[in-house]
Structures are given as C-alpha cells and as structure tokens.
Amino acid sequence: MKIEIATLFPEMFGCLDIGILGRARRNGLLQIGVHDIRAHSTDKHRKCDDYPFGGGAGMVMTPQPLHDCIRAIDPEHRYLRVYMSPRGKRLDQATVERLSECDGLLLVCGSYEGIDERVIQLDIDEELSIGDYVLTSGDLAAMVVVNAVARYVDGVLGSEQATAEESFADGLLEYPQYTRPQEFCGLTVPPVLLSGNHEEVRKWRAEQQLRITRERRPDLLDDKGE
C-alpha cells in the first residue's frame, strides 16, 4: 500500500521507521512518502502562512505551496486525498477498513489555524478527524491514520486473527487478555482460560466484551439496538 503525507514538519514522521510499521516498510508491505510543503513555496523565505482575511487569531496556511505540493505528489489524482481536520468526519473502525482498501492515500496535514478553503475545494476528497479536540497540527492525526490503516494491510501484523478479535472489529470492546505467570501480585488468571475448553473460553470472552462495552461505551450497544 502507498501512503503519501504532505506536511510542514517532515521530521516528525521518523516514528514510522520504528516497530511494526518500520518492519512493514523494510519488507515492502508499506510505501510511505513524507513531503515537505515548504519545498513548494515560491516565497523566497519559503513562507507558507499569512493572516486570515476578515481578521481573527492566528495564521492560515496559504494555498500556493500546499496546492503545488499536492499536485506534485499526485498529478493524476490517483490517491484518495484526505485532509486531517477537526471539522472532518470522526475516524472509526469502518473508515479505517475502507481506507485500507484504497490503492493509495494522500494525507494532508494542516497547521496554524488551518488551510485556505480553496485548497479543500480544489484538491481534497474528504476531511477526517481523530476526535473532538484540536491539535497544533494535523501531523499526529495523520500518524494515527497511518498506524490504524497499516494494521489491515496483508502481512503487516502477520495474523488476520489479530484484527478480527480486537476492539471495534465486531462493534464491541475487546475482552481482557492474560499471559504468564498465572498469579501476579495476588491476582490470578480466570480459571476458564486455563480449562482448555475452547467453547467455554469463547463464551466467557463474549460475556466480557458485552460487560466492558456496557460499562465503558454503552453508545456502541445503542448503535446495535441492544
């Protein structure tokens, strides 16, 4: 899968060379390009922001550098172009799975008070938010999207079961997990997990999913009509 990222702060994305994502990139499962928007600025100082028309606090990213950067990365508009924005649709598991099926993604990271609206009109396919809060830039949000989407690329996790049994995969939160030792600080592993009875384990996990979801995210059960 190919993911391109347009940002004012390319140095922030060194984390994509670490851990599971770094291994996936080295093995050719993920192709991630990080592009400096400033490199496309025609201003002699590589300026990419200016005061907003109509007044207001902060600065707005100017259209020229970002527009030219997007067109340089994706001249034929083959990628799904996603602008990371607090006013976008909130990221959920269904969206992650949909994005993972795209041939390529172009994630656009805004900064300051956002980007000129005309870039959105000319170049952006959809806006996406990772939650109801505001960050200093879209870079961390883009990293979240890359991480979430990459887990659905064949071979990245090494097991399809890993994504099939996690939180939100079936609309519920995940059941508790345990490993060795059987006792730790006076707390023991539930006996059913040591029983070897796979059907009872399955039932216990399903019950735990419902319990935890009901306690922590009852809205998920409302969506299911439960």
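Here the structure is shown first, and the text comes after it.
Since this is a predicted model, take the numbers as computed values, not measurements. (Residues numbered from 1 in each chain as written. Predicted model: local features only at pLDDT ≥ 70, side-chain atom pairs only at ≥ 80, totals over all residues. Heavy atoms only, no water.)

A. Here's a closer look at the environment of glycine 14. Here glycine 14 is to be found in the loop between β1 (2–7) and α1 (19–26). Glycine 14 sits in the partly exposed class, given a relative accessible area of 37%. Linking glycine 14 and valine 34, residues 20 residues apart in sequence, is a C-alpha distance of 9.7 Å. (Helix = DSSP H or I, 4+ residues; strand = E, 2+ residues; numbered from the N terminus. Buried < 20%, exposed > 50% of the residue type's maximum accessible area, 1.4 Å probe, protein only.)

B. Quick look at the pattern of salt bridges. Applying the stated rule across the entire model yields 15 salt bridges. Residue arginine 87 pairs with glutamate 127 through a salt bridge whose shortest N-O separation is 2.8 Å. Of this pair, arginine 87 sits in strand β5 (residues 80–90) while glutamate 127 sits in strand β7 (residues 126–129); the two residues are 40 residues apart in sequence, bridging distant segments of the chain. On the accessibility criterion, glutamate 127 (18% relative accessible area) is buried. The salt bridge partner of glutamate 126 is arginine 98, with a shortest N-O separation of 3.0 Å. Of the two residues, glutamate 126 is situated in strand β7 and arginine 98 in helix α3 (residues 93–100); the sequence distance between them amounts to 28 residues. (Salt bridge = Lys/Arg side-chain N within 4 Å of Asp/Glu carboxyl O.)

C. Region of interest: helix α5 (residues 139–150). For α5, which comprises 12 residues, the first-to-last C-alpha distance of 16 Å matches the rise-based estimate of 16 Å (1.5 Å per residue) to within 8%. The set of residues buried in α5 consists of Asp139, Ala141, Ala142, Met143, Val145, Val146, Ala148, Val149 and Ala150. (Expected span 1.5 Å × (residues − 1).)

D. Looking closely at helix α7 (residues 198–216). The terminal C-alpha atoms of α7, which comprises 19 residues, lie 27 Å apart, in line with the 27 Å expected from a rise of 1.5 Å per residue. Turning to α7, its buried residues number three or more, namely Val201, Trp204, Gln208, Gln209, Ile212 and Thr213. When α7 is viewed along its axis, its buried side chains cluster within an angular range of 160° and face the same direction. (Arc of directions from axis to C-beta.)

E. Broad picture of the state of the cysteines. Scanning all chains against the criterion turns up zero disulfides. Residue cysteine 69 stays outside any disulfide, its sulfur separated by 9.1 Å from that of cysteine 48, the closest cysteine. (Disulfide = S-S within 2.5 Å.)

F. Layout of the sheet that holds strand β6 (residues 104–109). The parallel open sheet is built from five strands, whose spatial order is β2-β1-β6-β5-β7. Two strands bound the open sheet, and with one partner strand each, they are β2 (31–36) and β7. Direction aside, the axes of adjacent strands within the sheet are offset by 30° on average. As judged from the five bridges shared by β5 and β7, these two strands associate in the parallel manner. (Pairing = 2+ DSSP bridges. Axes fitted to C-alpha atoms, helices over the stretch in contact; angles between N-to-C directions.)

G. Region of interest: unusual backbone geometry. Residue proline 181 follows arginine 180 across a cis peptide bond; omega there is 5°. The residue proline 181 is located in the loop between α6 (160–164) and β8 (183–184) in this model. Positive phi values are uncommon outside glycine, yet cysteine 185 reaches one of about 50°.

H. Spatial organisation of the nonpolar core. The biggest cluster of nonpolar side chains holds 29 residues, and the ones touching the most others in it are Ile3, Ile5, Leu30, Leu107, Val145 and Val146. Within the residue set of this core, elements represented by two or more residues are β1, α1, β5, α3, β6 and α5. In contact with valine 145, not counting residues within four places along its chain, are Met84, Leu91, Leu99, Leu107 and Leu128. Among the nonpolar cores identified, the runner-up in size contains 17 residues, and Ala6, Ile70, Tyr79 and Ile115 belong to it. (Core = buried A, V, L, I, M, F, W, Y, C linked by side-chain atoms within 4.5 Å. Contact = heavy atoms within 4.5 Å.)

I. Quick peek at the packing of α3 against α5. The contact between α3 and α5 brings their axes to 9 Å, and the two run at 75°. One element, α3, and the other, α5, form an angle in the roughly perpendicular class. For the pair α3 and α5, contact is made by Val96, Leu99 and Ser100 and by Val145, Ala148 and Val149, respectively. Here the contact of α3 with α5 is composed, by residue class, of five nonpolar, one polar and no charged. (Parallel < 35°, antiparallel > 145°, perpendicular 65-115°, else oblique. Nonpolar A, V, L, I, M, F, W, Y, C, P; charged D, E, K, R; others polar.)

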